[in-house]
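The chain contents come next:
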Amino acid sequence: MAVIHHTELKPTKLELLSSWLPSRPWYAGSGEPALVKAGGFRLDDPQGEVGIEFIVVTDTSGAEPATYLVPLTYRGAPLDGAEHALVGTMEHGVLGRRWAYDGCQDPVLAAQLLALIEGRAEAQDQNTSDLPDRDIARSYTGTRPTPIPSPAPAVDDEDGTELPAPQGMSLRLHRVLRPAPDGAAALPPEVTGQVTGSWQAPDGSRTRSLYATLRTGARA
């Protein structure tokens, strides 16, 4: 179980992301982001070493707000070979220096996201220790657990990130959030698993979006 410490971070997560987001190919803005937190959830690392958080942020700097899903992992030491995935470092009021990584490039997050999709892990509240997040929904139509993926680079495109998965499958993170299809029948037949969640729009309304999909074969 991850313990949530309510303490000061320098810089804050939103400050780190404001510097990092414009470097992503799925970022739709043209200048410096103006970010507000819109939602998210956490997953537990079974080893208790890595913090895993899926943050939803809305950028209000453009003519129309744009909302992004940003999975991050937090580590107490640098992750070997992941310099390209480093979002930045933060000073944590309790834990000291923390290295924040693009979670799509962290094998711990990839393994736990698969476990969530298949029902072997449970989404946790973003801000409270030991509290399941009942807003996060998942489904899986496969017949057996997907093996933990071997380390492989995740690939960003204009609206998401593709993570190679075993047995010819692919795990996709939907970075640019849009309203989810109504019902599983609206999903393509090759999709065998999914995660959805809701987030708060600038006007206070809530929108449900597709966060991740597991599919057979690579995305066309």
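Here is a short report on the structure shown in this document. Quantities reported herein were computed from a predicted structural model and do not represent experimental measurements.

Quick notes on the packing of aromatic side chains
In total, this model carries five aromatic pairs according to the counting rule given. A centroid spacing of 5.7 Å and a plane angle of 40 degrees characterise the contact between tyrosine 27 and tyrosine 68, whose relative ring orientation is tilted. Residue tyrosine 27 is found in the loop between α1 (13-20) and β2 (35-43), and its partner tyrosine 68 is found in strand β4 (residues 66-75); the two are separated by 41 residues along the sequence. With a relative accessible area of 0%, tyrosine 68 lands in the buried category. Ring centres 6.2 Å apart and planes at 5 degrees place the aromatic pair phenylalanine 41 and tyrosine 211 in the stacked group. In this pair, phenylalanine 41 sits in strand β2 while tyrosine 211 sits in strand β12 (residues 206-216), placing the two residues 170 residues apart along the sequence. One aromatic cluster in this structure is built from Trp20, Trp26, Tyr27 and Tyr68.

Considering the nonpolar core
Within the largest apolar cluster, 30 residues are counted, with the highest numbers of intra-cluster contacts made by Phe41, Phe54, Leu113, Leu173, Val195 and Tyr211. The element contributing the most residues to this core is helix α2 (residues 107-117), with six residues. With residues near it in sequence (within four places) discarded, phenylalanine 54 still touches Gly39, Gly40, Phe41, Leu43, Leu69, Val70, Pro71, Leu109, Leu113, Gln126 and Leu173. Listed in part, the 19 residues of the second largest apolar core include Tyr27, Val57, Val70 and Leu72.

Examining the environment of glycine 160
As for its placement among the helices and strands, glycine 160 is situated in strand β9 (residues 160-165). Counting along the chain gives 134 residues from glycine 160 to tryptophan 26, while the straight-line C-alpha distance between them is 6.4 Å. In this structure glycine 160 touches Trp26, Val155, Arg172, Leu173 and Arg175, once residues within four positions along its chain are discounted.

Remarks on the sheet that holds β2
Ordered by their spatial adjacency, six strands build an open sheet running β1-β5-β6-β4-β3-β2, and the pairing between neighbours is antiparallel. With partners counted over all chains shown, the strands left at the sheet margins are β1 (9-10) and β2, one partner each. Taken strand by strand, α2 contacts β2, β3 (51-59) and β4, and its axis lies near 85 degrees from that of β3.

Remarks on the side chain of glutamine 124
Relative to the assigned elements, glutamine 124 resides in the loop between α2 and β7 (137-140). There is a polar contact of 3.4 Å between the side chain of glutamine 124 and the backbone oxygen of glutamate 122. Beyond its immediate stretch of four places on either side in the chain, glutamine 124 contacts Phe41, Arg42, Asp44, Asp130, Leu131, Pro132 and Asp133.

Digging into the pairing of strand β5 (residues 86-92)
For a regular strand, side chains alternate in direction, first toward one face of the sheet and then toward the other. Relative to β5, β1 runs antiparallel, the two being bridged by two bridges. Its bridge partner being in β5, leucine 9 is matched across the sheet by histidine 92. Across six bridges, β5 lies against strand β6 (residues 96-102) in antiparallel orientation. For glycine 88, the partnering residue across the bridge sits in β6 and is alanine 100.

The rules we used
Residues numbered from 1 in each chain as written. Predicted model: local features only at pLDDT ≥ 70, side-chain atom pairs only at ≥ 80, totals over all residues. Heavy atoms only, no water. Phe/Tyr/Trp six-rings, centres within 6.5 Å; stacked < 30°, edge-to-face > 60°. Helix = DSSP H or I, 4+ residues; strand = E, 2+ residues; numbered from the N terminus. Buried < 20%, exposed > 50% of the residue type's maximum accessible area, 1.4 Å probe, protein only. Core = buried A, V, L, I, M, F, W, Y, C linked by side-chain atoms within 4.5 Å. Contact = heavy atoms within 4.5 Å. Pairing = 2+ DSSP bridges. Axes fitted to C-alpha atoms, helices over the stretch in contact; angles between N-to-C directions. Polar contact = N/O pair within 3.5 Å; in protein donor to acceptor, adjacent residues only side chain to side chain.

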